[in-house]
Every structure is written in C-alpha cells, then in structure tokens.
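# Overview (structure and organization)
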Amino acid sequence: MKRIPVLIDCDPGVDDAAALLLANQIPELDIQAVTTVAGNVEVEQTTVNAQKIRSLINGTFPIYRGAEKPMVRTLVTAPEFHGADGLGGVFLEMPQESMPTEKAWDAIYRIAKAYDGELTLITLGPLTNIGIALAKYRELPALLKRIVMMGGAAVGGNVTPAAEFNIYVDPEAADMVFCCGVPVVMCGLDVTMQAYLTPEETEEIGALGSPQARIFREIFQDSMKKCLAWGRKGVALHDPAAVLYAAYPDLFTAEKAGVRVETKGMLTVGKTVTDLYSDQKFEERNAFVLTDVDRAQFLKTIRMILARYGNQSDAAFG
Ligand code: RIB
Ligand code: CA
C-alpha cells in the first residue's frame, strides 16, 4: 500500500480528538507530525489535549505547538461547545513528557522540505500556523502536495450565518491558504453537516469496547446533547470527515471551484466565497469543495477503523 505522508494541524477540540483517534488507525495515512493552534480553546490547552490523545492512542508522532492567536485579529474560542478543557470534560491522563521547542510553522516547513512536494497537510482548526509558515517560507507552496482543510461552507455558516468557525477565527490566514497555489480540498459544512453521528451510532461505537472506542463515545456526550437540543439528528463529525477524505476520497463527492475568503465584510467576515453556484466563475479555480458524503459508508468505515484498536478484523465490517 502506498502510504500518504500527512501532517495534521488541529485545535483539539472534541472532533479534532476524534479525528486523531481515527487517523492513528488508518494505515493509508503516515502521520509525520501533529501541530496545534489556538481555536476551540487556547493553544496551551489544545496542545495538552493533543498530548493526552497521543498517549491514549499510543501515538509515536511528534507534536509541535503553534500560534496562540490569529495573525491579525483577537482570538475567538468555542468552550461553550467543546467544554472549558476542549475535550467535553472527559478526563484523560496527562503524560509526563517534554515538548519540542520547534514552533509549528517551522516544523511544517522542515517536514514539507524533507518530503519535497509529497506532504499533505490536513488542517482541522484555524489556518494561523499555515499562514505564518507561508509568510515565513516563500517556497513552501512548492513543497506541499495538497491541503485537505476542514473549514468553510459554500452555503451558510455556524459561528455566524455566513462563516464557519475555522475560517472565521483567522480569515486572513485562510485566504492566504486559498491563494497560495497549493491544491486545496475544502471539507466544509456543506458535507460535514451530513456526516453526523446519532446517539445510537455513538453507543454502537462505545460498545466496540476498547479504551479508545469508549473515549470516542465519551468525548461526544456533551456536544451531542447540545446538538439534539438544537433539533439536529446528531453531532457533526467535522474533523473526522477531513481525515477520512484524505484516506478514502471515494466516500465523498467533490466539485472544482474557485474559493476566496471575505476578510473585510461587517456581516460576512470569514465567509468562504465560492463560485460553485454562481454563473460568474473566479479566474483561479483553486479548490475542490466537498458537497456530499455516503453517510452509511462513512459510518461503517469509522466503526471499522475504531475496531482496529480492539484488534477486530476489518472483515467483520464487510
Ligand atoms: O466548524 C467546525 C470546526 O471548528 C471544527 O474543526 C471544530 O473542531 C472547530 O475547530
Ligand atoms: Ca477543529
């Protein structure tokens, strides 16, 4: 199997944590590093959370700490959804270990250079670390194969009616990413809101029995209640969707589009403006926007991946 070298930039965050739990059991993905950024909670906490999850999954990848605030704006966080600790209040042992002093953006460049055009970035949080890396290292775009981004929406928003959280927190960095020339796959709300987990499906995952599967269930308990109270069928697996796309793109439908980010609008700042549904097309059609997912297959794949923690065979999942 040809493995895909990936670097995962994230802001754990309950769905980032779920994404790391999954990525670590996907042999197609060869995790070179995880970098952390301020987003759902402060970067101190997103970094601790990444260390806790790495310990839970016996991960061997290095973690590099990144930006504590967006490139030019003040930080907006989301503890009301992810919990003050960013993990939905679920207790996880904090490993006693030292952190490398290398900054996330320097590690991104160093690893991209080592892979010389073969590295895929999977971004699950605000794009600040990538924006800083692009500003500091002009040759970075030529060293990246593609960027699979959880972020944006062709239609709608979550943190405002026009903007999705990861883009809204640092729209300037996000626009730099869309303009940098690296092919971007935008895994936005158009598809992630379809990739939801119902309470029953969450219980099925917990019943797989491994400590990792049980934690996967636990971390969503709090946010599930909130989503059901909002009238939704379950909790959207935003970040897991981006990770699964990177390994299993056939689960999804993607459409080529031009995408730019509104950085000035009073009401629309952070909106990913796409030409997907417009007669007027952008000159630069710089992205693939995910518009659909086979939800049944998506969930079956998630169950199969998590069952690997309990050494259960993929064959059991057909
Ligand atoms: O809008 C959802 C995204 O914002 C997810 O990545 C979630 O973790 C938050 O970062
Ligand atoms: Ca995230």
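As the structure is a computational prediction, the values presented were derived from the model and not from experiment.

### Some remarks on the coordination of the calcium ion (ligand 2)
- At this site the calcium ion (ligand 2) is bound by Asp11 (OD), Asp16 (OD), Asp16 (OD), Leu124 (O) and Asp239 (OD), with donor distances of 2.2 to 2.6 Å.
- Of note, the donors binding the calcium ion (ligand 2) are all from one chain and are spaced D-x4-D-x107-L-x114-D. Of the two residues, Asp11 is situated in the loop between strand S1 (4-10) and helix H1 (14-23) and Leu124 in the loop between strand S4 (119-123) and helix H5 (128-136); the sequence distance between them amounts to 113 residues. For the pair Asp11 and Leu124, a shared accessibility class is recorded, and that class is buried.

### Digging into the site of ligand 1
- Taken together, 13 residues sit near ligand 1, with Asp15, Asn158, Glu164, Asn166 and Asp239 positioned nearest.
- Asp16 is positioned with one of its side-chain polar atoms (N or O) 2.9 Å from an oxygen atom of ligand 1.
- The separation between an oxygen atom of ligand 1 and a polar main-chain atom of Leu124 is 2.8 Å.
- Relative to its unbound accessible surface of 280 Å², ligand 1 loses 96% to contact with the protein.
- Listing elements by their share of the shell around ligand 1, those giving two or more residues are H1, helix H7 (165-169) and helix H13 (238-247).
- Partitioned by chemical class, the residues of the shell around ligand 1 number 3 nonpolar, 5 polar and 5 charged.

### Considerations on unusual backbone geometry
- Gly13 follows Pro12 through a cis peptide bond whose omega is -25°.
- Within the secondary structure layout, Gly13 lies in the loop between S1 and H1.
- Even without being glycine, Asn58 reaches a positive phi, approximately 55°.
- Since its relative accessible area comes to 60%, Asn58 is described here as exposed.
- The residue Asp116 is not glycine, and still its phi comes out positive at about 45°.
- Among the structural elements, Asp116 can be located in the loop between helix H4 (104-115) and S4.

### Digging into H1
- Burial within H1 is extensive, with 10 of its 10 residues counted as buried.
- Taken residue by residue, H1 has Val14, Asp15, Asp16, Ala17, Ala18, Ala19, Leu20, Leu21, Leu22 and Ala23 as its buried positions.

### A few points about the pairing of strand S5 (residues 144-150)
- Within S5, 6 of the 7 residues are buried, which leaves it mostly tucked inside the rest of the structure.
- Alignment of S4 against S5, held across 5 bridges, turns out to be parallel. Paired with Leu121 across the bridge in S5 is Ile147.
- Relative to strand S6 (residues 184-187), S5 runs parallel, the two being bridged by 4 bridges. Looking at the pairing, Met149 lines up with Met186 of S6.

### Overview of the nonpolar core
- By size, the foremost hydrophobic cluster in this structure holds 68 residues, and its most contacted members are Ile8, Ile122, Phe216, Leu244, Phe252 and Phe298.
- When residues of this core are assigned to their parent elements, the largest contribution, 8 residues, is made by H1.
- Excluding residues within four positions of it along the chain, Ile122 makes contact with Val6, Leu7, Ile8, Asp9, Leu29, Val148, Ala242, Val243 and Ala246.
- Counting residues in hydrophobic clusters, the runner-up holds 39 residues, among them Ala33, Tyr109, Leu119 and Leu134.

### Describing the packing of H1 against helix H11 (residues 211-219)
- Between H1 and H11, the shortest axis-to-axis distance is 10 Å and the interhelical angle comes to 160°. If you check the angle between H1 and H11, you find them roughly antiparallel. Here H1 runs over H11; the crossing is left-handed. Mapping the contact onto sequence places Val14, Ala17, Ala18, Leu21 and Leu22 in H1 and Gln212, Phe216 and Ile219 in H11.
- Each residue belonging to the contact of H1 with H11 can be placed in one class, and the counts come to 7 nonpolar, 1 polar and no charged.

### Points about the environment of Met1
- Positionally, Met1 belongs in the segment before S1.
- By relative accessible area, which is 69% here, Met1 ends up exposed.
- Contact partners of Met1, with chain neighbours within four places excluded, come to Pro27 and Glu28.

### Here we look at the pattern of salt bridges
- The full count for this structure, using the stated rule, is 15 salt bridges.
- Where Glu102 meets Arg110, a salt bridge forms, and the shortest distance between an N and an O atom there is 2.7 Å.
- According to the relative accessible area criterion, Glu102 is partly exposed, its value standing at 25%.
- Taking relative accessible area as the criterion, Arg110 reaches 37% and is therefore assigned partly exposed.
- Lys136 is paired through a salt bridge with Asp106; the nearest N and O atoms lie 2.8 Å apart.

### Describing the packing of aromatic side chains
- A complete count under the given rule lists 5 aromatic pairs for this structure.
- Plain terms: the ring middles of Phe216 and Phe220 are 5.4 Å apart, the flat faces sit at 65° to each other, and that makes the pair edge-to-face. For the pair shown, Phe216 and Phe220 are each scored as buried.
- Ring centres of Phe252 and Phe298 lie 6.2 Å apart, and the angle between their planes is 80°; this geometry places the pair in the edge-to-face category.

Cut-offs applied
Residues numbered from 1 in each chain as written. Chains lettered and ligands numbered in written order. Predicted model: local features only at pLDDT ≥ 70, side-chain atom pairs only at ≥ 80, totals over all residues. Heavy atoms only, no water. Donors = N, O, S within 2.8 Å, 3.2 Å for Na, K, Ca; no water. Helix = DSSP H or I, 4+ residues; strand = E, 2+ residues; numbered from the N terminus. Buried < 20%, exposed > 50% of the residue type's maximum accessible area, 1.4 Å probe, protein only. Near = heavy atom within 4 Å. Polar contact = N/O pair within 3.5 Å; in protein donor to acceptor, adjacent residues only side chain to side chain. Areas by Shrake-Rupley, 256 points an atom, 1.4 Å probe, with all protein chains shown as cover. Nonpolar A, V, L, I, M, F, W, Y, C, P; charged D, E, K, R; others polar. Pairing = 2+ DSSP bridges. Core = buried A, V, L, I, M, F, W, Y, C linked by side-chain atoms within 4.5 Å. Contact = heavy atoms within 4.5 Å. Axes fitted to C-alpha atoms, helices over the stretch in contact; angles between N-to-C directions. Parallel < 35°, antiparallel > 145°, perpendicular 65-115°, else oblique. Left-handed = near helix turned anticlockwise from the far one by under 90°. Salt bridge = Lys/Arg side-chain N within 4 Å of Asp/Glu carboxyl O. Phe/Tyr/Trp six-rings, centres within 6.5 Å; stacked < 30°, edge-to-face > 60°.

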